[in-house]
Amino acid sequence: MEILTDSHNRVLNYLRLSLTDRCNLRCFYCVNDSVKFIPHNQILRYEEILRLVRLSVGLGVSKIRITGGEPLLRAGVYDFLNKLSEIEGIKDLSLTTNGIYLKENLDKIIGAGINRLNISLDTLTPERYKITTGKDLFGKVWDSIMAAHDKGINPLKINVVAIRNLNFDELTSFAELTFKYPFHIRFIEYMPMGEDINGNLLTPEIRSRIESVGQLHEVESGSGDGPAERFKFKGAKGEIGFISPISKHFCSNCNRLRLTASGMLRPCLLSDHKINIIKPLRDGLSDDELTKVFLKAASFKQKKHLLDSSPDKIVSKMHSIGG
Ligand code: SAM
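It should be emphasised that the depicted structure is a prediction, and the values quoted were computed from it without experimental measurement.

A. Looking closely at unusual backbone geometry. That bond from Asn154 to Pro155 is cis: its omega, 5°, falls within 30 degrees of zero. Checked against the element boundaries, Pro155 lands in the loop between α5 (138-150) and β5 (156-162). Within the chain, Asn9 stands out as a residue other than glycine whose phi angle is a positive 65°. Assignment of secondary structure puts Asn9 in the segment before β1 (14-18).

See below:
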């Protein structure tokens, strides 16, 4: 079997699948009102995605994360997830969501074989949530987090993008949640994509703030853990993770390829480079020929992202790629 390997000998066994570029939130750093969403006919249909996923699994992909936009917004998503989980060879199926439609759909999500959930939440303050996202829906997200916890989803990862003007004063409150709940709170460095929000925080500063709560003890990461550096407070139920694409990039271990809702393969999140696979797919190319498109995309994966050297070159927005 041919394995998806890039020109720097990294094996790409992790596909991040964006189901839609649309979102029901308007987080000021991600989707603003001037964004034009992709017309429906230019979005990969579910059967097209399933075909591409099968081909990628044939190339060694075994780990899939569903993301977006907001993936739970897309009609038919739960049937799709069921079909996806039936594909032999997928060993790990996970989902990143803003949590707004999660609570009432948890059984369907768990039933479809999603074994790991990441919920995005940048503030614990309802008023601030409204200002940050444009929607007064903090309560819904929190209820979803509690419902997922009650269902025994563990680890439940909470993604917190750390932004000085948004949540610097709440970082410790997030960290303290790990004493009460077994959550994995993951502080993510903001990645300037096309715009600079002028408030980024880097992990050393985030970490020193968190350490005012208590001493952090390193947790040994497993091979499938991804880029988070993991820590725990003594006596805590949960964990703290730091994801540092800017201050400590993890490109050398990157095993990811992204498939956008618009049918583009993206070898690197922090690069505008993309390989069109929707056109050859809709032009009727064979499985063998489409497999070659995957291999070509892998061969374009650069050794390291260029964000620190040329931030102004990235114009793509996170919601259109899938974070
Ligand atoms: N709608 C889903 C959600 O909210 O989790 C999935 C898509 S969203 C784009 C995925 C994650 O990317 C969210 O946690 C969001 O906060 C994060 N994100 C968006 N833009 C970002 C940026 N420029 N830097 C770092 N994280 C970002």
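B. Representation of helix α2 (residues 77-85) in the model. Looking only at α2, the buried set comprises Val77, Tyr78, Phe80, Leu81 and Leu84. One side of α2 holds all its buried residues, which, seen down the axis, span an arc of 155°. The secondary structure elements touched by the buried residues of α2 are β1, α1 (46-58), β2 (63-67), β3 (92-97) and α3 (106-111).

C. Region of the structure containing the pattern of salt bridges. Under the definition given, this model contains 16 salt bridges. A salt bridge links Lys140 to Glu104; its shortest N-O distance comes to 3.8 Å. Taken together, the residues span a long stretch of sequence, with Lys140 in helix α5 and Glu104 in the loop between β3 and α3 at a distance of 36 residues. Its relative accessible area of 35% is what places Lys140 among the partly exposed residues. The closest approach of N and O atoms between Lys279 and Asp283, which form a salt bridge, is 2.8 Å. Taken together, the salt bridges that share partners define one network made up of Arg45, Glu47, Glu48 and Arg282.

D. Just the pairing of β5, in detail. Most of β5 is tucked away: seven of the seven residues are buried. In the sheet, strand β4 (residues 116-120) pairs with β5 via four bridges, with the strands oriented parallel. From the neighbouring strand, Ser120 faces β5, where its bridge partner is Asn159.

E. Local environment of the site of the ligand. The full set close to the ligand counts 17 residues, and Tyr29, Gly69, Glu70, Ser120 and Met191 are the nearest of them. Here the ligand loses 93% of its free accessible area of 540 Å² to cover by the protein chains. A per-class count over the shell around the ligand returns six nonpolar, nine polar and two charged.

F. Summary view of the packing of aromatic side chains. Enumeration according to the criterion identifies 10 aromatic pairs in this entry. Here the aromatic rings of Trp142 and Tyr181 are separated by 6.3 Å at their centres, their planes lie at 75°, and the arrangement is edge-to-face. With Trp142 in helix α5 and Tyr181 in the loop between α7 (171-180) and β6 (184-189), the pair connects residues that are 39 residues apart, well separated along the chain. Here the two residues Trp142 and Tyr181 agree in accessibility, since each one is buried. When the centroid spacing of 5.2 Å and the interplanar angle of 10° are considered together, the rings of Phe179 and Phe233 count as stacked. You can see Phe179 sitting in helix α7 and its partner Phe233 sitting in strand β8 (residues 229-233), a full 54 residues away along the chain. Look at Phe179 and you get partly exposed, because its relative accessible area is 34%. Through successive ring pairs, a cluster of aromatic residues spans Tyr129, Phe138, Trp142, Tyr181 and Phe183. Directly above the aromatic system of Tyr46 lies the positively charged group of Arg74, at a separation of 4.1 Å from the ring centroid. A cation over an aromatic ring shows up here: Arg209 above the ring of Phe168, its NZ or CZ 4.4 Å from the ring centre.

G. Broad picture of the environment of Pro192. As for its placement among the helices and strands, Pro192 is situated in the loop between β6 and α8 (203-210). In this structure Pro192 comes out as buried when scored by relative accessible area, which is 13%.

H. Seen up close, the packing of α1 against helix α10 (residues 287-299). Viewed as axis vectors pointing N to C, α1 and α10 meet at an angle of 70°, and their least axial separation amounts to 10 Å. By the angle between their directions, the pair α1 and α10 is classed as roughly perpendicular. Contact with α1, carried on its side by Arg51, Leu52, Leu55 and Ser56, involves Asp287, Leu290, Thr291 and Phe294 of α10 and no other residues of that element. Classifying every residue of the contact of α1 with α10 gives four nonpolar, two polar and two charged.

Parameters at a glance
- Numbering of residues starts from 1 in each chain and follows the order in which that chain's sequence is written.
- Local features in a predicted model are, by the rule used here, given only for residues with pLDDT of at least 70; side-chain atom pairs are given and counted only at 80 or more, and totals for whole chains, interfaces and linings are based on all residues.
- Processing note: side-chain calculations cover all non-hydrogen atoms of the structure and skip hydrogens and water entirely.
- Working definition: helices are DSSP H or I runs of at least four residues, strands are E runs of at least two. Numbering for both runs from the N terminus.
- Exposure categories follow from relative accessible area, calculated using a 1.4 Å probe and restricted to protein chains: below 20% of the type maximum is buried, above 50% is exposed, and the middle band is partly exposed.
- What the arc describes is the spread of directions from the helix axis to the C-beta atoms.
- By definition in these notes, contact holds between two residues if any of their heavy atoms fall within 4.5 Å.
- The salt bridge definition used is simple: a Lys or Arg side-chain nitrogen within 4 Å of an Asp or Glu carboxyl oxygen.
- Strand pairing is assigned whenever DSSP detects at least two bridges linking the two strands.
- The cutoff for a nearby residue is simple: one of its non-hydrogen atoms must lie within 4 Å of the molecule or strand.
- Reported accessibility uses the Shrake-Rupley method at a 1.4 Å probe radius. Residues are deemed covered only where the shown protein chains occlude them.
- Amino acids are sorted into nonpolar (Ala, Val, Leu, Ile, Met, Phe, Trp, Tyr, Cys and Pro), charged (Asp, Glu, Lys and Arg) and polar (every other residue, Gly among them).
- In this scheme Phe, Tyr and Trp rings, the latter by its six-membered ring, pair at centre separations within 6.5 Å, and the angle between planes marks the pair as stacked below 30 degrees, edge-to-face above 60, and tilted otherwise.
- Criterion for a charge above a ring: Arg CZ or Lys NZ at most 6 Å from the ring centre, at most 35 degrees from the ring normal.
- Fitting a line to C-alpha atoms yields each axis, with helices limited to the stretch in contact; the angle taken between N-to-C directions then spans 0 to 180 degrees.
- With respect to orientation, any angle under 35 degrees is reported as roughly parallel, any angle over 145 as roughly antiparallel, any angle of 65 to 115 as roughly perpendicular, and every other angle as oblique.

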